[in-house]
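Residue-level structure breakdown
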Amino acid sequence: MTHEAAGVPTTRNDEDRQDNVPQGSDDVQDVQDVRRDEAGEAAGPEDAERPEARLARAVQVAEQALIEFEIAVETFRVEVENFSRLHHQKLGPMYARLDELDALIAEARAAKTGDPEDERKAREARAVVMPMPGVDELFHDWMDTDGLSPEAAAMLTEQPVRPPKRVRPSEEARRLYRELARQAHPDLAQDEVERQRRDEFIARVNAAYGRGDVELLKELVAEWEAGPVQPPAPLSESEELYARLEWLSRRKELLTVLAKELEDGAIGSMLRMAPDDPDQLLEDIAEQLLGEVSRREAELAEMAQQ
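1. A closer look at a negative patch on the surface
Taken together, Asp 276, Asp 277, Asp 279, Asp 284 and Glu 287 make up a surface patch of like negative charges. Residue placement: Asp 277 occurs in the loop between helix H11 (266-273) and helix H12 (278-305).

Written out as structure tokens, the structure reads:
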């Protein structure tokens, strides 16, 4: 399975590794042979080994192929992420300047003509320009119009933070809480595993009671009455190996989708244009954007003189 065949992007860091990726055909043949053996078909002397051993070998080959696939995808993802960051840092201000100039030009044209269509275009151009975020957006509730929130001020001055406001639980909530606390109390555990399960469950009960959430408390009552989830029956060796192969197949499908999204994205497409020298690509784009900025500034200056 080469990177190209699986939809994995080619990166500068793994070009020399592509020809060494397992093809994935051996594991498929092994699985087919195992299924034939299990079906009772005649086997020659060369098929004398246990079916489970051959299936285990197929799993091992598939695992190695998936590892190489994941390495290729992750390598390209990191390159896309880094290039995206550089793209934003270097070209972001130029794009913002172009948007601002487009808005200014459209507004100047609308002011000159008074045409409703020009005014509509001016509003649309202005809407594209990124507005300045509000204080609450920047500080995410750490600051409001009156200054720092009490919680933020307390933390900055190393004072205890006041606990969040708690509702007063209803009578129904108190009844359910007492019932659950009696039934699931950790001291009733017979062993350490059971104590841990009860500790975790009571923590959820306490959180629900603190919020006065009657519906959640009812759900917790039903969950406790249903008892602990029983572990599934142990699988045979063959079942475990088949399950592993199925998981590897699903994982490969997900990685293929991710690789395709990375390749088809704007940044991935740009990287494919210049895989050997993406920095020069940024320089070329920056030069083009500077030219566009100069032309728009000249256009705006000409409109101002008219």
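2. Some details on the nonpolar core
By size, the foremost hydrophobic cluster in this structure holds 30 residues, and its most contacted members are Phe 83 and Leu 91. Breaking this core down by element, the ones donating at least two residues are helix H3 (51-113), helix H10 (237-264), H11 and H12. For Phe 83, the residues in contact, after removing those within four places along its chain, are Ile 267, Met 270, Leu 271, Pro 278, Leu 281 and Leu 282.

3. Looking at the packing of aromatic side chains
Counted under the stated rule, the structure contains two aromatic pairs. Ring centres 4.3 Å apart and planes at 15° place the aromatic pair Tyr 177 and Tyr 209 in the stacked group. Taken together, the residues Tyr 177 in helix H7 (residues 171-184) and Tyr 209 in helix H8 (residues 192-211) connect sequence positions 32 residues apart. The class of Tyr 177 is partly exposed, set by a relative accessible area of 24%. Pairing Phe 201 with Trp 224 gives two aromatic rings, centres 5.0 Å apart and planes at 40°, and the pair type is tilted. Residue Phe 201 is located in helix H8, and its partner Trp 224 is located in helix H9 (residues 214-226); the two are separated by 23 residues in the primary sequence.

4. Some remarks on the environment of Ala 62
Mapped onto the fold, Ala 62 is located in helix H3. On the basis of relative accessibility, which here comes to 10%, the residue Ala 62 falls in the buried class. Sequence separation between Ala 62 and Arg 244 is 182 residues; the distance between their C-alpha atoms is 9.6 Å.

5. Topic: the side chain of Ser 238
With respect to the helices and strands, Ser 238 occurs in helix H10. Here Glu 52 takes part through its side chain, which lies 3.3 Å from a polar atom of the side chain of Ser 238.

6. Here's the deal with the confidence of the model for the protein chain
Scored by pLDDT, the protein chain has a mean of 75; 72% of the residues are at 70 or more. For the protein chain, the element scoring lowest by mean pLDDT is helix H1 (residues 3-6), at 40; H9 scores highest, at 92. In the model, residues 1-32 has pLDDT below 50 throughout and makes 68 contacts with residues more than four positions away in sequence or in other chains.

Rules behind the numbers
Residues numbered from 1 in each chain as written. Predicted model: local features only at pLDDT ≥ 70, side-chain atom pairs only at ≥ 80, totals over all residues. Heavy atoms only, no water. Patch = residues over 30% accessible without salt bridge, like charges linked within 9 Å, V, L, I, M, F, W, Y side chains within 5 Å. Areas by Shrake-Rupley, 256 points an atom, 1.4 Å probe, with all protein chains shown as cover. Salt bridge = Lys/Arg side-chain N within 4 Å of Asp/Glu carboxyl O. Lys, Arg positive; Asp, Glu negative; His and termini not counted. Charge placed at Lys NZ, Arg CZ, Asp CG, Glu CD. Helix = DSSP H or I, 4+ residues; strand = E, 2+ residues; numbered from the N terminus. Core = buried A, V, L, I, M, F, W, Y, C linked by side-chain atoms within 4.5 Å. Buried < 20%, exposed > 50% of the residue type's maximum accessible area, 1.4 Å probe, protein only. Contact = heavy atoms within 4.5 Å. Phe/Tyr/Trp six-rings, centres within 6.5 Å; stacked < 30°, edge-to-face > 60°. Polar contact = N/O pair within 3.5 Å; in protein donor to acceptor, adjacent residues only side chain to side chain. pLDDT = per-residue confidence, 0-100.

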